[in-house]
Amino acid sequence: QVHLGESGGGLVQAGGSLRLSCAASGRTFSTYTMGWFRQAPGKEREFVAAINWSGGSTFYADSVKGRFTISRDNAKNTVYLQMNSLKPEDTAVYYCAAPRTPSTTVQVMGGSPIGSWGQGTQVTVSS
């Protein structure tokens, strides 16, 4: 199956930007809808963004819409999350994820079974 590994997390001041990368292995990566989730201390893991196989469709949680951009480069087997205008409430461990069903639509990614999770990367936003 798909193996995922995130990178790009770190410490940034409020208003700053970070770009997370998710490197994937697997011959069928380009057929998968991909997503990002996050989990903050004391909170449930929550959906952040999803992108379909071609990159032509995206969907975002209301909390990040307009600030975050998900993209992918299938030639590099990589998914990205560009995070701008970061807020302290964005502080969390961010996880890349592939759904159990590859063709899961972006609108339902957040409520669908996940087949593969990355190990997570810490994002800390200071005020």
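Conventions we followed
Within every chain, residues take consecutive numbers counted from 1 along the sequence as written. Restriction of local features to residues with pLDDT of at least 70 applies here, the model being predicted, together with a cutoff of 80 or more for giving and counting side-chain atom pairs; totals for whole chains, interfaces and linings are based on all residues. Hydrogens are left out, water is left out, and the side-chain values use all remaining heavy atoms of the structure. The nonpolar core is taken to be a set of buried Ala, Val, Leu, Ile, Met, Phe, Trp, Tyr and Cys residues, with the residues joined through side-chain atoms within 4.5 Å. Between buried and exposed lies partly exposed: a residue is buried under 20% and exposed over 50% of the maximum accessible area for its type, with that area taken using a 1.4 Å probe on protein chains only. Only DSSP runs of H or I covering at least 4 residues are called helices, and only runs of E covering at least 2 are called strands; the numbering of each starts at the N terminus. Centre distance within 6.5 Å is the pairing criterion for rings of Phe, Tyr and Trp, where only the six-membered ring of Trp is used; planes under 30 degrees apart are then read as stacked, over 60 as edge-to-face, and the remainder as tilted. Should the NZ of a Lys or the CZ of an Arg lie within 6 Å of a ring centre and within 35 degrees of the ring normal, that charge is described as sitting over the ring.

## Digging into the nonpolar core
Within the largest apolar cluster, 37 residues are counted, with the highest numbers of intra-cluster contacts made by Met34, Trp36, Leu81, Met83 and Tyr94. Mapped onto this core, the elements with two or more residues apiece are β3 (18-25), β4 (34-39), β5 (46-51), β7 (68-73), β8 (78-83), β9 (92-99) and β11 (121-126).

## Overview of unusual backbone geometry
Despite not being glycine, Asn77 has its phi angle at roughly 50°, a positive value. A positive phi angle, near 50°, is found at Ser85, a position not held by glycine. With respect to the element layout, Ser85 can be found in the loop between β8 and β9. For Ser85, a relative accessible area of 43% puts it in the partly exposed group.

## Notes on the packing of aromatic side chains
Here the structure, examined in full by the defined rule, presents four aromatic pairs. Between Phe37 and Trp117 the ring centres are 5.1 Å apart and the planes differ by 70°, which places this aromatic pair in the edge-to-face class. Of this pair, Phe37 sits in strand β4 while Trp117 sits in strand β10 (residues 114-117), and the two are 80 residues apart along the sequence. Note that Arg45 overlies the ring of Tyr95, its terminal NZ or CZ placed 3.9 Å from the centroid. Note that Arg45 overlies the ring of Trp117, its terminal NZ or CZ placed 4.4 Å from the centroid.

Everything listed here is a matter of geometry and, on its own, says nothing about what the molecule does.
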